[in-house]
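Summary of structural features
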Amino acid sequence: MRPLNIKEAAGRLGISPRAIRFYEEKGLILPAKQASNGYRSYTENDIWRLQTIAALREIGMSLQDITQALGEIDQGNQQRLEEYLELQQAVMYAQWVELKRMLDTTQRMIDLNRQDGPLDVSHLHELADSSRRLREARQNWHDRWNYDTQAAIHDERVHAKSDCIPESSLSPPSFPEEAGSMPYNESRDALEHQDTKKAPSSSFYLYHNYDEALEQTANWISPVPGEHGLDIGTGTGNLAGKLLERQAIMTGIDQSREMLRTCRTKYPGMHVKLGNFLALPFADQTFDFLVSSFAFHHLSPDQQQLALQEMQRVLTPRGRICLTDLMFADVLHREAYIRQAEADENGDQLLAIRERHFPLLDELTGWLESHGYVTKTVRHNELLHTMLAVPLR
């Protein structure tokens, strides 16, 4: 095919010559110029590149991301291109989730207006304030811990002290109830069988009883072969891998590209993509079950509520949820834990509580039970719990 001039190229692509010139100014395309008159000349490869640019712009990708995506295409790096596309998809899902929330809020305002009697405008204000607060909670999330830099050592780190539990992280004197006050009767067995080798009392380690807790999660989910499951914050895929072994069809999401690359290497049969709790990049009622481990505490309380709503959205009507994470049993447990850490002058524990949002287990199970689930929990150590929620309907 002979090279096209700019008008012919624009006509073939259905875009304006001005748009083509704009992409040239940004360095996205560099057509040759005819020696005789200096006019631009567009080859078949130029046309293909312009088509690609137009397609990426159509899905809302920024010029900066398009530049990077084109670079990956030029190098034949399909995996990196897929990551850029998945990132853009995650952005669109976040916008869609936010629009859906605004529609729901508007409908509730309409319903309030239709009620008999004079309208109490304060109810509208309360709805608007609640909507704004949740919108800000979704927008304010970011990865403060930069897990991309931790991917290479993550598996080593989670097993570094799996058999070594600091005495200070077991039931302290200020919280004497121990297993008798645990939410589920399996908890006593879990505590009685844990190894209690001493470690420095000043340390704070997230991953005590790691393998035990993941195994508990997989056992409680007990997938039927062929069921579709989602692991949120999958990291390097350790929990999802246990469910793959049980013949589940697993998808994992994480906000860390490097974690997902490691996960792909370990579990090539698993589908992974970029995403996070607050805007799950999947259609409604996609999964039969949902799991997450050591990730929920990265969300603030408002964000945790949004995450639970998103979990409900992507689950089938009979879909079940199993969360494993560091949690306080209730407010009294949290207060006792903080008092003990202060008495011990344990700065690491106090810093961990300030930087993370360990959920209150009674509030978490209460929310789920108020939304039609029956729950059970097991406690692995002072903070680590596994919770299963199954819908009643």
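So, here is what we can say about the structure in this document.

About the criteria used
Residues numbered from 1 in each chain as written. Predicted model: local features only at pLDDT ≥ 70, side-chain atom pairs only at ≥ 80, totals over all residues. Heavy atoms only, no water. Buried < 20%, exposed > 50% of the residue type's maximum accessible area, 1.4 Å probe, protein only. Helix = DSSP H or I, 4+ residues; strand = E, 2+ residues; numbered from the N terminus. Pairing = 2+ DSSP bridges. Right-handed = clockwise from strand over helix to strand, strands pointing away. Salt bridge = Lys/Arg side-chain N within 4 Å of Asp/Glu carboxyl O. Axes fitted to C-alpha atoms, helices over the stretch in contact; angles between N-to-C directions. Contact = heavy atoms within 4.5 Å. Parallel < 35°, antiparallel > 145°, perpendicular 65-115°, else oblique. Left-handed = near helix turned anticlockwise from the far one by under 90°. Arc of directions from axis to C-beta. Phe/Tyr/Trp six-rings, centres within 6.5 Å; stacked < 30°, edge-to-face > 60°. Core = buried A, V, L, I, M, F, W, Y, C linked by side-chain atoms within 4.5 Å. Expected span 1.5 Å × (residues − 1). Polar contact = N/O pair within 3.5 Å; in protein donor to acceptor, adjacent residues only side chain to side chain.

1. Focus: the pairing of strand S7 (residues 315–326)
Where a strand is regular, its side chains alternate between the two sheet faces. Of all twelve residues making up S7, ten are buried, and the element is well covered by its neighbours. Where strand S6 (residues 287–293) meets S7, six bridges bridge the pair, whose relative direction is parallel. In the sheet register, Val291 faces S7, and the bridge partner there is Cys322. In terms of handedness, the path from S6 via helix H12 (residues 301–314) over to S7 forms a crossover that is right-handed. As judged from the six bridges shared by S7 and strand S9 (residues 384–391), these two strands associate in the antiparallel manner. The residue of S9 that forms the bridge with Thr324 is Thr386.

2. Notes on the pattern of salt bridges
Evaluated as defined, the whole model comprises twelve salt bridges. The residue Arg313 makes a salt bridge to Glu310 at a minimum N-O spacing of 2.7 Å. Placement of the pair is Arg313 and Glu310 together in helix H12, with a separation of three residues, close to one helical turn. Glu310 carries the same exposure label as Arg313, and that label is buried. A single network of salt bridges, built from pairs that share partners, joins Glu215, Lys242 and Arg246.

3. A closer look at the sheet that holds strand S8 (residues 373–379)
The strand order across the open sheet formed by seven strands is S5-S4-S3-S6-S7-S9-S8, and the pairing between neighbours is mixed. Unpaired on one side and paired on the other, strand S5 (271–274) and S8 mark the two borders of the sheet. The average angle at which neighbouring strand axes cross in this sheet is 15 degrees, direction not considered. Across five bridges, strand S3 (residues 228–232) lies against strand S4 (residues 249–254) in parallel orientation. Its bridge partner being in S4, Leu230 is matched across the sheet by Thr251. Relative to the sheet, H12 contacts S3, S6, S7 and S8, its axis offset from that of S7 by approximately 145 degrees.

4. Observations concerning the packing of helix H9 (residues 210–221) against helix H10 (residues 238–245)
The description of two helices packed together rests on the angle between their axes and the distance between the axes. Across the interface, H9 lies against H10 with an axial gap of 10 Å and an inter-helix angle of 40 degrees. Classified by the interaxial angle, the pair formed by H9 and H10 is oblique. Note on packing geometry: the crossing formed by H9 with H10 is right-handed. For the pair formed by H9 and H10, the contact residues are Tyr210, Asp211, Leu214, Glu215, Thr217, Ala218 and Ile221 on the first element and Asn238, Leu239, Lys242 and Leu243 on the second.

5. Structural notes on helix H11 (residues 257–266)
Residues of H11 that are buried include every one of Met259, Leu260, Cys263 and Arg264, and no others. One side of H11 carries all its buried residues, which in axial view fall inside an arc of 140 degrees.

6. Some details on the packing of aromatic side chains
If you walk through the whole model with that rule in mind, you get ten aromatic pairs. Taking 5.2 Å as the distance between ring centres and 45 degrees as the angle between the ring planes, the aromatic pair formed by Tyr207 and Phe294 counts as tilted. Of this pair, Tyr207 sits in the loop between helix H8 (187–192) and H9 while Phe294 sits in the loop between S6 and H12, placing them 87 residues apart in sequence. On the basis of relative accessible area, Tyr207 is assigned to the buried category, the value being 3%. One aromatic cluster is present, formed by Phe204, Phe328, Tyr337 and Phe358 through successive ring pairs.

7. Thoughts on the pairing of S9
With seven of its eight residues buried, S9 lies for the most part within the structure. As defined by bridge partners, S8 adjoins S9 across seven bridges and the pair is classed as antiparallel. Bridging across to S9, Arg379 finds its partner in His385. Hairpin geometry of S8 and S9 is characterised by an intervening segment of four residues between the two adjacent antiparallel strands.

8. As for the nonpolar core
With 37 residues, the main nonpolar core has Tyr207 and Leu243 as its most contacted residues. Elements represented by at least two residues in this core include exactly H9, H10, H11, S5, S6, S7 and S9. It is H9 that provides the largest number of residues to this core, a total of six residues. In terms of nonpolar packing, the next biggest core, distinct from the first, is built from 28 residues, Ile253, Phe282, Phe296 and Met327 among them.

9. Things to note about helix H13 (residues 331–343)
With 13 residues, H13 should reach 18 Å at 1.5 Å per residue; the first-to-last C-alpha distance of 18 Å fits that figure. Three or more residues of H13 are buried, namely His333, Ala336, Tyr337, Gln340 and Ala341. Down the axis of H13, the buried side of the element spans an arc of 135 degrees, and every buried residue falls inside it. Exposed and oriented more than 90 degrees from the buried face of H13 are Leu332 and Ala343. Structurally, H13 contributes buried residues whose contacts are with helix H14 (347–355). Of the residues that open H13, the one with a side-chain oxygen 3.2 Å from the backbone nitrogen of Leu332 is Asp330. Of the residues trailing H13, Glu345 is marked for its positive phi of about 55 degrees.

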